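# Working through the structure, step by step
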Amino acid sequence: MIKNIVLGIKAYGGAFALISKLKLWKYFVIPVLISILTAIFIGIEAYVLSDNIGSFISRVWIWDWGKEGFTAISNFVGAIIIVFLGLIFYKHIVMAFSSPFMTPVSEKIEAHFYGDVSHLHRKTSFLGQLWRGISINIRNLFRELLFSIPILLLKFIPIINIFSTILLLLVQAYYAGFGNMDYTLERHFSYKESIQFVKRKRGFAIGNGIVFMVFLLIPVIGIIIVLPLSVTAATIKTIRLLHDKHELVYEK
């Protein structure tokens, strides 16, 4: 698992150069706009809701003594909750609606390394790719929330909250990597087959997703470069897993 996570991270090494070599930047214009608009919207909502959540949490403390301190802690915890939930919603919204624009990128990278392999591809359309992206990300959104909310509650427990942060990062990374890998998998595998494939290769998904999440911590620039580099890195690794490991079983 750890080895695969490292390999997933290393795939970013040649991503920038490959994008430039294949002249892929133009394909990222609309996804980057989607990314920026989504980030602005979620940022505004996070600013508005963080105090409300903090105020709600502070109601648990019914005593007068220590009320001010507990309220301050509650506001801080509320902000953390909003940030993590915001990141979850951000990445799934962006990856879902960017799907049709990322497919050509993935196809060109695959053709660069393996030539014309269109005979191995499933027939897809713009709307089909969009619906696939929305379906996968809705599925992943609910599953990620299912795991993340209990982990967030552990933040109220001293010492354990340190490990809960790491665990939360791994969960978010896995589903980020999942979405990035599916831009390649959607033309090779069915919905269910893709889910099973990523489960078997979860280390690579986590590795890709860790860098994805780190990019989001970089102000402004992060939301601009996160999709181009993470999708390219995921595609490089995924096509190698498919072709070199003989994972392709689809027949037209």
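The written sequence of each chain sets the order in which its residues are numbered from 1. For this predicted model, a pLDDT threshold of at least 70 governs which residues receive local features, and a threshold of 80 or more governs which side-chain atom pairs are given and counted, while totals over whole chains, interfaces and linings are taken from all residues. The side-chain figures draw on all heavy atoms in the structure; neither hydrogens nor water molecules are used.

### Structural notes on the overall build of the protein
Which entries qualify depends on this criterion: Under the scheme used here, helices are H or I runs from DSSP no shorter than 4 residues and strands are E runs no shorter than 2 residues, and both carry numbers assigned from the N terminus. Relative accessibility under 20% of the residue-type maximum defines a buried residue, over 50% an exposed one, and the middle range a partly exposed one, all with a 1.4 Å probe and only protein chains included. For accessible areas, the Shrake-Rupley method is used with a probe of radius 1.4 Å. Any residue's cover is judged against the shown protein chains and nothing else.
Looking only at helices and strands, the protein features nine helices and zero strands. Taking all 252 residues of the protein together, 48% fall into the buried category. Surface summary for the protein: the accessible area is close to 13,200 Å², and the carbon and sulfur share equals 72%.

### A short note on the nonpolar core
The criterion, for reference: Throughout this description, the term nonpolar core refers to a set of buried Ala, Val, Leu, Ile, Met, Phe, Trp, Tyr and Cys residues connected via side-chain atoms within 4.5 Å. Contacts: residue pairs with any heavy atoms within 4.5 Å of one another.
Ranked by internal contacts, the top residues of the largest apolar core, which has 31 residues, are Tyr12, Phe28, Tyr90, Ile109, Phe212 and Leu216. Contributing elements (two or more residues each) for this core: helix 2 (15-21), helix 3 (29-58), helix 4 (67-114), helix 6 (160-185), helix 8 (202-216) and helix 9 (221-244). Ranked by residue count, the leading element in this core is helix 9, at eight residues. When sequence neighbours within four positions are dropped, the list of residues in contact with Tyr12 reads Gly207, Asn208, Val211, Phe212, Phe215, Leu229, Ser230 and Ala233. Among the nonpolar cores identified, the runner-up in size contains 25 residues, and Ile81, Ala173, Tyr174 and Tyr175 belong to it.

### Description of the packing of helix 6 against helix 7 (residues 191-200)
A pair of packed helices can be characterised by two numbers: the angle between their axes and the separation between those axes. Selection rule: Note on method: axes are straight lines fitted to C-alpha atoms, helices fitted across the in-contact stretch only, with angles between N-to-C directions ranging 0 to 180 degrees. Orientation labels follow simple angle bins: below 35 degrees gives roughly parallel, above 145 gives roughly antiparallel, 65 to 115 gives roughly perpendicular, and whatever is left gives oblique. Handedness of a helix crossing follows the sense of rotation of the near helix relative to the far helix, less than a right angle counterclockwise being left-handed and clockwise being right-handed.
Contact geometry for helix 6 and helix 7: axes closest at 10 Å, N-to-C directions at 130°. Taken together, the axes of helix 6 and helix 7 lie oblique to each other. Considering only the axes of helix 6 and helix 7, their crossing is right-handed. Taken together, the residues of helix 7 that come into contact with helix 6 (itself represented by Tyr174, Phe178, Met181, Asp182 and Leu185) are Ser194, Ile195, Phe197, Val198 and Lys199.

### Observations concerning the packing of aromatic side chains
Applicable threshold: Any Phe, Tyr or Trp ring, taking Trp's six-membered ring, that has another such ring centre within 6.5 Å forms a pair; planes under 30 degrees apart are called stacked, those over 60 apart edge-to-face, and the others tilted.
For the coordinates displayed, the defined rule picks out seven aromatic pairs. Aromatic side chains Phe189 and Phe197 sit 5.6 Å apart centroid to centroid with 50° between the ring planes, which places their arrangement in the tilted category. Summarising the burial analysis for this pair, Phe189 and Phe197 share the class buried.

### Topic: the pattern of salt bridges
Side chains that differ in charge, positive against negative, can pair when their charged atoms come close. For the record, the criterion: Here, a salt bridge means any Lys or Arg side-chain nitrogen found within 4 Å of an Asp or Glu carboxyl oxygen.
Using the criterion set out here, one finds three salt bridges in the structure. Note that Glu144 is salt-bridged to Lys91, the shortest N-O span being 2.6 Å. Pair noted here: Glu144 is in helix 5 (residues 126-153) and Lys91 is in helix 4, with a separation of 53 residues, a long-range link. With relative accessibility at 0%, the residue Glu144 sits in the buried group. Here Arg132 makes a salt bridge to Asp182, at a shortest N to O gap of 2.8 Å. Note that Arg132 is positioned in helix 5 and Asp182 in helix 6, a separation of 50 residues in sequence. When sorted by exposure, Arg132 lands in the same class as Asp182, which is buried.

### Thoughts on the confidence of the model for the protein
Rules: On a scale of 0 to 100, pLDDT captures the predictor's confidence in every residue.
The pLDDT averaged across the protein works out to 84; a share of 84% of its residues lies at or above 70. Note that residues 248-252 has pLDDT below 50 and, in this model, 13 contacts with residues that lie over four places away or in other chains.

### Looking at the side chain of Gln172
As for its position among the elements, Gln172 is in helix 6. Setting aside anything within four residues of it in sequence, one finds Gln172 in contact with Phe84, Leu87, Ile88, Lys91, Glu144 and Met213.

### With respect to the packing of helix 6 against helix 9
Two elements in contact, helix 6 and helix 9, have axes whose closest approach is 8 Å; the angle formed by their N-to-C orientations is 55°. If you check the angle between helix 6 and helix 9, you find them oblique. In this structure, helix 6 crosses over helix 9, and the sense of that crossing is right-handed. Along its contact with helix 6, which presents Asn180, Met181, Tyr183, Thr184 and Leu185, the element helix 9 presents Leu227, Ser230, Val231, Ala234, Thr235, Thr238, Ile239, Leu241 and Leu242.

### Notes on a nonpolar patch on the surface
Note the following rule: Only residues above 30% relative accessible area that lack a salt bridge enter a patch, with like-charged residues linked at up to 9 Å and the nonpolar side chains Val, Leu, Ile, Met, Phe, Trp and Tyr linked at up to 5 Å.
Where nonpolar side chains cluster on the molecular surface, the patch consists of Leu37, Ile40, Ile44, Tyr47, Val48 and Leu49 and spans about 640 Å² of accessible area. Tracing the sequence through the fold places Leu49 in helix 3. Accessibility expressed as a relative area gives 36% for Leu49, which makes it partly exposed.

### What about the environment of Thr103?
The residue Thr103 is located in helix 4 in this model. Among the residues examined, Thr103 registers a relative accessible area of 1% and is labelled buried. Here the alpha-carbon distance between Thr103 and Thr184, two residues 81 residues apart in the chain, equals 6.9 Å.

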